[in-house]
Amino acid sequence: MSEKLLARDIMTGGVQCVGAHESLLDVARTMRDLGVGCLPICGDNNRLTGLITDRDIVVKCCAEGIDPATVQAGSLNAKIHWIDAEADAADVLTNMEQHQIKRLPVIDVKGGHRLVGMITEADLAKNLSDEQIAEFVSVVYATAQA
């Protein structure tokens, strides 16, 4: 990996946010239309407040017998991890491995603290070495030994 590779070089740009007040039904339709399994949630101030995954909708809403049309996306917000667009690629890996996450929002801190992209496993695979990918997979997908 080049030492000059930054988060902004790895990320996929043009990420679409969903509003915190949108229903999970609308979020699911947006995911379907975009062909994605995760979307950032933005509050009324257009700042990142969370992420929502298709799994969140299924496990925390549908599996509980709750109508997804009646639940707001913002109600499923959990602690969010993100990275500065100017962070080194090694910091990206460290952050994702430390928190065992597969998606990492990229924020342009100098540019008004706005969401500029998302780093996913596919982005890592396109930009990092096989050794780095192997380490990421072994850490993020590690399972407890019985």
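Here the structure is shown first, and the text comes after it.
The present account deals with the structure reproduced in this document. Predicted, not measured: the structure shown is a model, and the values here were computed from it.

Focus: the environment of Gly 65
Structurally, the position occupied by Gly 65 is in the loop between helix H3 (54-60) and strand S5 (83-84). Residue Gly 65 is classed as exposed on the basis of its relative accessible area of 67%. Measuring from C-alpha to C-alpha, the distance between Gly 65 and Val 140 comes to 30 Å, with 75 residues separating the pair along the chain.

Structural notes on the sheet that holds strand S4 (residues 48-53)
The strand order S2-S3-S4 describes an open sheet built from three strands, whose pairing is mixed. Looking along the sheet, the strands with just one partner apiece sit at the ends: strand S2 (18-19) and S4. Direction of pairing for S2 relative to strand S3 (residues 38-42): parallel, over a ladder of two bridges. Its bridge partner being in S3, Val 18 is matched across the sheet by Ile 41. Contacts between helix H2 (residues 24-34) and the sheet are confined to S2, S3 and S4, with S3 contributing the most and set at about 130° to the helix.

Quick notes on the nonpolar core
If you look at the biggest cluster of nonpolar residues, it comprises 20 residues, and the most contacted ones within it are Val 92, Met 96, Val 106, Ile 119 and Leu 124. For this core, the elements supplying multiple residues, two or more each, are helix H1 (7-10), helix H4 (89-99), strand S6 (103-108), strand S7 (114-120) and helix H6 (130-140). What Ile 119 contacts, discounting residues up to four positions off in sequence, is Ala 7, Ile 10, Met 11, Val 92, Met 96, Lys 102, Arg 103, Leu 104, Val 106 and Leu 124. Counting 13 residues, the second largest nonpolar core, distinct from the first, contains Val 18, Met 31, Ile 52 and Leu 76.

Focus on the sheet that holds S5
With mixed pairing, four strands are arranged side by side in an open sheet as S1-S7-S6-S5. For this open sheet the edge positions go to strand S1 (12-13) and S5, each flanked by a neighbour on one side alone. Pairing of S5 with S6, which is carried by two bridges, proceeds in the parallel orientation. Looking at the pairing, Ile 83 lines up with Val 106 of S6.

About the thresholds
- Residues numbered from 1 in each chain as written.
- Predicted model: local features only at pLDDT ≥ 70, side-chain atom pairs only at ≥ 80, totals over all residues.
- Heavy atoms only, no water.
- Helix = DSSP H or I, 4+ residues; strand = E, 2+ residues; numbered from the N terminus.
- Buried < 20%, exposed > 50% of the residue type's maximum accessible area, 1.4 Å probe, protein only.
- Pairing = 2+ DSSP bridges.
- Contact = heavy atoms within 4.5 Å.
- Axes fitted to C-alpha atoms, helices over the stretch in contact; angles between N-to-C directions.
- Core = buried A, V, L, I, M, F, W, Y, C linked by side-chain atoms within 4.5 Å.

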